[in-house]
Amino acid sequence: MPSEEIQLVGESPSFLRVLEEVSTVAELDKPVLLVGERGTGKELLALRLHFLSKRWDSMYLQVNCASLTETLLETELFGHEAGSFTGATRRHLGRFERANTGTLFLDELATASMRVQEKILRVIEYGEFERVGGTGTIQTDVRIIAATNEDLPTLAQKGKFREDLLDRLAFDVITLPPLRSRKADILLLAEHFAVNMANEIGRNVFPGFTEEARELLLAYDWPGNVRQLKNVVERAVYRNNPDDPVGEIVTDPFESPYRIGNESGETSSRQVAPSYELPLDLKQTVRDIEIQVIQSALVKAKHNQRKVAEMLGLTYHQLRNYLRKYSLLSDS
């Protein structure tokens, strides 16, 4: 994969600072530790580190440490000899051996066992290891980039991560900002993902987002970060009429009145009608109730007005009239 295909989109100061750190440390043959929440782009930054380094034309391999058991991770990283365990019918070359003169990206390293951590430390310190079931020492020249969404210093204090390995990995630590701290990049990223999705499904043009959709994209907290934004935008584009701007943003694809375990409908049918003291101002009371119901629906639908209209049994234009009537429009 050439470096120009690594798409890192953003212009916020925190994001540009990360790119600058990556560019500076890429030239050194030292380990780098990438720290950030899930979905912040650690894998893309690892690729960028490799392609900006002197090893750019050598092998780049990666392993997700959380996806393998301790035994499988050990053999995947260091290889094994034939007959070293049941099912090992022939020699297997591990990632450290195959990535010689290149880069090895260890994702979710915090999940690796102490035994595997010890063997990784030996590679960093001495550039050598042994295959599982082997007796000969193998030399390798590999640059290690590791990534985690855990607080490794705290894990080390608790004895759940090797302090000596942390010391060696932490030559330079690059912490990626979550998307909620990159507000200036949200719409830029959304547009980028939307255009790509439109091209993918054969549409010649992306008509943009409505103002309501843009407001929702900016207001949402994005706990899944860039990965979640990409999924949400792509889903919105393919569901949308190709000639209309995207107006419906669904952040939770599981949201449904029929969702398993959702008893809201049953509960609401048993709710006791509110009581009021008489005499009262009927017009003002009805006004207050309507405002309260509409505001509650707006929150539940995350300010998606078309969904609010559907929830309240109104047309979109009827809902807009209510919002204007009660000054509930954000653009009023």
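Residues numbered from 1 in each chain as written. Predicted model: local features only at pLDDT ≥ 70, side-chain atom pairs only at ≥ 80, totals over all residues. Heavy atoms only, no water.

Visitor: Mind laying out the overall build of the chain, listing which residues take part and the relevant values?
Guide: Each helix and strand in the chain was counted, giving 14 helices and 7 strands. Computed over its C-alpha atoms, the radius of gyration of the chain comes to 27 Å, more than 25% above the 20 Å expected for a compact globule of 332 residues. Summarising its shape, the C-alpha atoms of the chain cover approximately 90 × 45 × 35 Å along the three principal directions. Taken across its 332 residues, the chain has 42% of its residues classed as buried. Roughly 18,900 Å² of accessible area belongs to the chain as shown, and the carbon and sulfur atoms make up 50% of that amount. (Helix = DSSP H or I, 4+ residues; strand = E, 2+ residues; numbered from the N terminus. Rg over C-alpha atoms; globule rule 2.2 N^0.38 Å. Buried < 20%, exposed > 50% of the residue type's maximum accessible area, 1.4 Å probe, protein only. Areas by Shrake-Rupley, 256 points an atom, 1.4 Å probe, with all protein chains shown as cover.)

Visitor: So what's going on with the sheet that holds strand β1 (residues 32-35)? Which residues, and what values?
Guide: Strand order in this open sheet of 5 strands is β2-β3-β6-β1-β7, and the pairing throughout is parallel. Sheet topology places β2 (60-64) and β7 (173-175) at the edges, where each strand pairs with a single neighbour. On average, adjacent strands in this sheet sit at an angle of 20° to one another, irrespective of strand direction. Alignment of strand β3 (residues 103-107) against strand β6 (residues 143-148), held across 4 bridges, turns out to be parallel. Across the sheet, residue Leu-106 finds its bridge partner in β6, namely Ala-146. Each of β1, β6 and β7 touches helix α1 (residues 13-26); the most contacted strand, β7, lies at about 160° to it. (Pairing = 2+ DSSP bridges. Axes fitted to C-alpha atoms, helices over the stretch in contact; angles between N-to-C directions. Contact = heavy atoms within 4.5 Å.)

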